[in-house]
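So the chains spell out like this:
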Amino acid sequence: MKLFKAKHYFMQETSRLSLLMHERYQERIIQKVAALKEAMKTAERAMWRCDPRQHSEGETYIEVTRLLQGHIQNEVDMNSEHSCRESCADYSYARTHGCNEDRFCPYQQQRCNGKLRNCRFIDSDMWVCEEMSLCFTIQEAGLLPRGGINMTSVQWKPVDDYRISDSNVSDGKDYHTLRWRERAIDLDDLVAPEGYVLTGVRFRLLRTHLNLEIMVTPLNFSAGTLYNLDQESKWYRNNNTPDPLDEPRTQLYFPDPDVPTLTKVGSVIDSRSNQFLLFTHSDIDNDAAQTTVPFLDSQPVAPEPPTLLAGAGIYHKGCPGYGGFIGLKVVTYDFNSHLNIDTEDQIN
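Residues numbered from 1 in each chain as written. Predicted model: local features only at pLDDT ≥ 70, side-chain atom pairs only at ≥ 80, totals over all residues. Heavy atoms only, no water.

(A) The pattern of salt bridges, seen in detail. A full pass over the atoms with the stated rule returns 11 salt bridges. The closest approach of N and O atoms between Lys317 and Asp51, which form a salt bridge, is 3.2 Å. Residue Lys317 is found in strand 21 (residues 309–318), and its partner Asp51 is found in the loop between strand 1 (46–47) and strand 2 (61–62); the two are separated by 266 residues along the sequence. The shortest N-O distance in the salt bridge between Glu213 and Arg237 comes to 2.7 Å. Remark: Arg237 occurs in strand 14 (residues 234–237) and Glu213 occurs in strand 12 (residues 209–220); sequence separation between them is 24 residues. Residue Glu213 is classed as buried on the basis of its relative accessible area of 3%. (Salt bridge = Lys/Arg side-chain N within 4 Å of Asp/Glu carboxyl O. Helix = DSSP H or I, 4+ residues; strand = E, 2+ residues; numbered from the N terminus. Buried < 20%, exposed > 50% of the residue type's maximum accessible area, 1.4 Å probe, protein only.)

(B) Looking closely at empty space enclosed by the protein. Summed over the entire model, instances satisfying the criterion amount to one cavity of 30 Å³ or more. Size it by volume and the largest cavity reaches roughly 30 Å³. Around the largest cavity, the lining residues are Leu143, Leu144, Gly147, Gly148, Leu219, Phe221, Gly224 and Leu308. Within the lining of the largest cavity, the residues separate by chemical class into five nonpolar, three polar and no charged. (1 Å grid on protein atoms, 1.4 Å probe; cavity = no way out; pocket = protein on both sides within 12 Å on 5 of 7 lines; lining within 4 Å. Points joined across faces, edges and corners; volume = space filled by probe spheres on them. Nonpolar A, V, L, I, M, F, W, Y, C, P; charged D, E, K, R; others polar.)

(C) Region of the structure containing the layout of surface pockets. Estimated volume of the second largest pocket: approximately 220 Å³. What lines the second largest pocket is a set of 13 residues, and nearest its centre among them are Tyr253, Phe254, Pro255, Pro257 and Thr280. Broken down by class, the residue content of the lining of the second largest pocket amounts to seven nonpolar, three polar and three charged.

(D) Focus on the side chain of Lys329. Here Lys329 shows up in strand 22 (residues 325–332). Classification of Lys329 by relative accessible area gives buried; the value is 10%. Here Asp189 takes part through its side chain, which lies 3.3 Å from a polar atom of the side chain of Lys329. (Polar contact = N/O pair within 3.5 Å; in protein donor to acceptor, adjacent residues only side chain to side chain.)

(E) Expanded view of the environment of Trp180. Examined against the element boundaries, Trp180 turns out to sit in the loop between strand 8 (148–156) and strand 9 (184–187). Under the relative-accessibility criterion, Trp180 is labelled partly exposed at 22%.

(F) Spotlight on the nonpolar core. Of all hydrophobic cores here, the largest spans 26 residues; its most connected members are Ile185, Leu277, Phe279 and Ile326. At the level of secondary structure, the elements contributing two or more residues to this core comprise strand 9, strand 12, strand 20 (295–297), strand 21 and strand 22. A per-element tally of this core places strand 12 first, with four residues. Those residues in contact with Leu277 that lie beyond four places of it in its chain are Arg183, Ala184, Ile185, Leu187, Leu252, Phe254, Pro294, His316 and Ile326. By size, the runner-up hydrophobic cluster in this structure holds seven residues, among which are Phe221, Leu308, Ala310 and Tyr333. (Core = buried A, V, L, I, M, F, W, Y, C linked by side-chain atoms within 4.5 Å. Contact = heavy atoms within 4.5 Å.)

In structure tokens:
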């Protein structure tokens, strides 16, 4: 009888301790999930690339060439009368009319085939060579339930195969050419609303500005599927221009900029959303205005391991005295709303 009572007591105590441990385990799990959710509210979801240890043209950055650069020109070649009677104020907008007696231009520099502005700078089209066409390359993958990514499907999507000289390709629709009056690019951070994921990205022309747009599509998180990609997808953008009354865009300035790759200090992001910048020439004293700045950061911006994305952006990074870089960023999906433990069954 005593042995039976001892066994019964032992089983009761074991059951009680087991229940107590389970309750404490539940409590700790709920506390940890709550702490995780709180931390994720302030966690940085944007990803961009820092400067590489060694800059390499064509690999880590791209330079826009022959857009704006300093140019020496005889006055006799800047007017049809071939005279030398005017001042710089009379040549705020001019062009080359030839090469007087072949004294300078054929031997010292290439002829300016664009426009001469402000008695100092030239303006020509960015697409002097078709190889200078620039475009996005995107990485894509299949979805799995609860935010998973099918790793075997991850790939960089090939760029559409066309040339700007093709008869069915037009400037302003299929591509944009940088010019003196159309050399602005908007700097924005675009994030999808809750429950949507990023499924596309493109540029458009907003007045004279290159402006970023993102396509977002509603996500069935549990099933790992998109809701009606063709019907439910939306394009998101920032429509602000420099002159609206409520939230005007402000210009990002980088005065007297030297060549970006010459700095010994790492670049930092110095722009914010709802700004814009103008491609311009490098500093006259340091570089004779021979380089178009900023450069374009061409390093891949892809989270590792791959994950769902909720947004994208364009920013400028640099340091004082240099032209800096235009870069792309991505914003990862916010999993916070899916971290819920409400019942004992979810813990078990």
